[in-house]
Amino acid sequence: MNGVQVSTTVNGDVEEFVCHPGETLLEVLRNRLGLTGAKEGCGTGDCGACSVIVDGQLVCSCLVLGAEVEGRKVATVEGLADGNRLHPLQDKFLEHAALQCGICTPGFLVAAKALLDDNPDPTEEEIRYALAGNLCRCTGYDKIVRAVDAAAAELRKSSKKKASGRKK
Amino acid sequence: MRYEAPSSSKEAAKLLASAKGKAVVLAGGTDLLVRMKSGAVEPDLIVDIKRIGATQEIKKSGNGFKIGAGVSGARLGKHRALKKAWPGVVEATNLIGSDQIQGRCTMAGNLCNASPAADSVPAMVAANAKANVVGPGGRRTVAVEKIPTGPGKTSLKKGEIIESITLPAKAPRSGDAYLRFIPRTEMDIAVVSAGVNLTLDSKGVVKKARVALGAVAPTVLLVEDAAKAIVGTKLDDDALAALAAACEAACRPIDDMRGTIEFRTEVAGVLARRAALTAYERAGGKK
């Protein structure tokens, strides 16, 4: 094969790998970098289980080639928690029982993170539209939507605290 | 298989022109990677055009907007000036897929994939958009409606790529709109679609019109008779009926699981009417 040598940043760490020209970013993450959070549901961009953020943009990693991320910044679900402290989205998913089998969960978390980075106070309708590219076949969407709404409220509270802390 | 990410369109054209075996252009990849996965295409060479500067820009000038072939739907949707000038084109492009797909999909890719149901294409055709093509023989500018020649087929020659799409400068008192029919609210392919672009005179009479239909023929159609039916009118009921009739007459759809010939034909007229009314309102016309 004509291997492609790639240097990129994943969750803040520099990663170097050689991949096949036709290998997807999802395959690279799972098989070469050991980051198995992103899942392959459909492999055709319909289910969102492989969602990651590349240069601030939410994408399906099954529809990105590994070779394309040279010099880019990739963020996966593994980078969501701060050490042992879960991200508010992860906390609220647990609290609201927003998962059953869990296969779709990493994709939902990453898509929800992308939404809240862009829009910290989404309406229920905005949450539902933003998560339309993520399929769940067991829990249903209600608990997931409520968890994202609760996490958004939590994040707004803590960013307010931070802001007022800075003023002092 | 080889992957190349050249930094100029000239270099991309050279790579594609001299390729032995199957060479493909990678923009957003939302169609290409699916086809590679299913085995429908097995490329020997993949030329990623996203490292070419011109494919990443949205440039505003006196001639309108030049939108790079690598600009994603998500980026278009955040561009205020573009949304204000061409809301129909931006809305049409933003209808493609989920947020994840929007992060990657491009107008030029949607055009080159050459699906008759491509959402951005009727809107681009109505807008009189041009494709800026670079090939081994140099540059040429092609009307967008001349690019697809049938499902999955384009008029681009070996070695040619679309570097960018130009949307003309917005004329005073003009407006555009795009509508599609799908059986739900999100995440589906157009069963029928219509794009309309109108320019009015100071009295609110339609001076110029372009009407395009999607998913009712092997390619997106520019329906000149439909435009003629409304030029010189204020979109009164008779004019709208004539517009719908002209659209129905232009339809050559297929019967499939998503819609029958009769359904597609009738809905084409309905959507064209509604899109025309929205375009009229956006152009400042009052009913």
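These figures come from a predicted structure and were not determined experimentally. (Residues numbered from 1 in each chain as written. Chains lettered and ligands numbered in written order. Predicted model: local features only at pLDDT ≥ 70, side-chain atom pairs only at ≥ 80, totals over all residues.)

Right, let's get into the overall build of chain A. Within chain A one finds 5 helices and 5 strands. Sequence-ordered secondary structure for chain A, helices as α and strands as β, is β-β-α-β-β-β-α-α-α-α. Against the compact-globule benchmark of 15 Å for 168 residues, chain A has a radius of gyration of 17 Å, which places it among compact chains. With the C-alpha coordinates aligned to their principal axes, the bounding extent of chain A is approximately 55 × 45 × 25 Å. The buried share of chain A, reckoned over its 168 residues, is 43%. Of all intrachain contacts in chain A linking residues separated by at least 6 positions in sequence, the fraction that spans at least 24 positions is 58%. (Helix = DSSP H or I, 4+ residues; strand = E, 2+ residues; numbered from the N terminus. Rg over C-alpha atoms; globule rule 2.2 N^0.38 Å. Buried ≥ 20, exposed ≤ 12 C-beta atoms within 10 Å, placed from the backbone. Contact = placed C-beta atoms within 7 Å.)

Judged by nonpolar contacts, the single largest core of 146 residues is most densely connected at Leu 111, Met 124, Leu 213, Val 223, Cys 247, Ala 272 and Ala 276 of chain B. The residues touching Met 124 of chain B, leaving out its near neighbours within four places in the chain, are Val 89, Met 107, Leu 111, Ala 129, Val 144 and Ile 165 of chain B. (Core = buried A, V, L, I, M, F, W, Y, C linked by C-beta atoms within 7 Å.)

Residue and element names in this part refer to chain B. Strands sit in the order E11-E12-E13-E14 across an open sheet of 4 strands; the sheet is antiparallel. Because the sheet does not close on itself, it has two edges, and the strands there are strand E11 (174–181) and strand E14 (221–222). Of the strand pairs in this sheet, E11 and strand E12 (residues 192–200) are connected by 8 bridges, and their pairing is antiparallel. Paired with Gly 175 across the two strands is Leu 198, which belongs to E12. Seen against the sheet, helix H5 (residues 87–94) touches E11 and E12 and runs at an angle of roughly 25° to E11. In the packing of helix H11 (residues 261–282) onto the sheet, the strands contacted are E11, E12 and strand E13 (206–214), and the crossing angle to E12 comes to about 30°. (Pairing = 2+ DSSP bridges. Axes fitted to C-alpha atoms, helices over the stretch in contact; angles between N-to-C directions.)

The subject of this paragraph is unusual backbone geometry. A negative phi holds for most residues other than glycine; trans holds for most peptide bonds. All names here are of chain B. At Ala 114, a residue that is not glycine, the phi angle is positive and equals roughly 55°. The topology assignment puts Ala 114 in the loop between helix H7 (107–112) and helix H8 (120–126). Look at Leu 235: it is not a glycine, yet its phi comes out positive at around 55°.

Glancing now at the pairing of strand E5 (residues 64–68) of chain B. Residues and elements named next belong to chain B. Among the 5 residues of E5, 4 are classified as buried, and the element is accordingly described as predominantly covered. Note that strand E4 (residues 58–61) and E5 share 4 bridges and pair antiparallel. Counted as the bridge partner of Lys 60 is Phe 65 from E5. In this structure, the hairpin formed by E4 and E5 is closed by a connection of 2 residues. Bridging between E5 and strand E10 (residues 161–167) involves 4 bridges; their strand directions are antiparallel. Bridged to Gly 68 within E10 is Ser 164.

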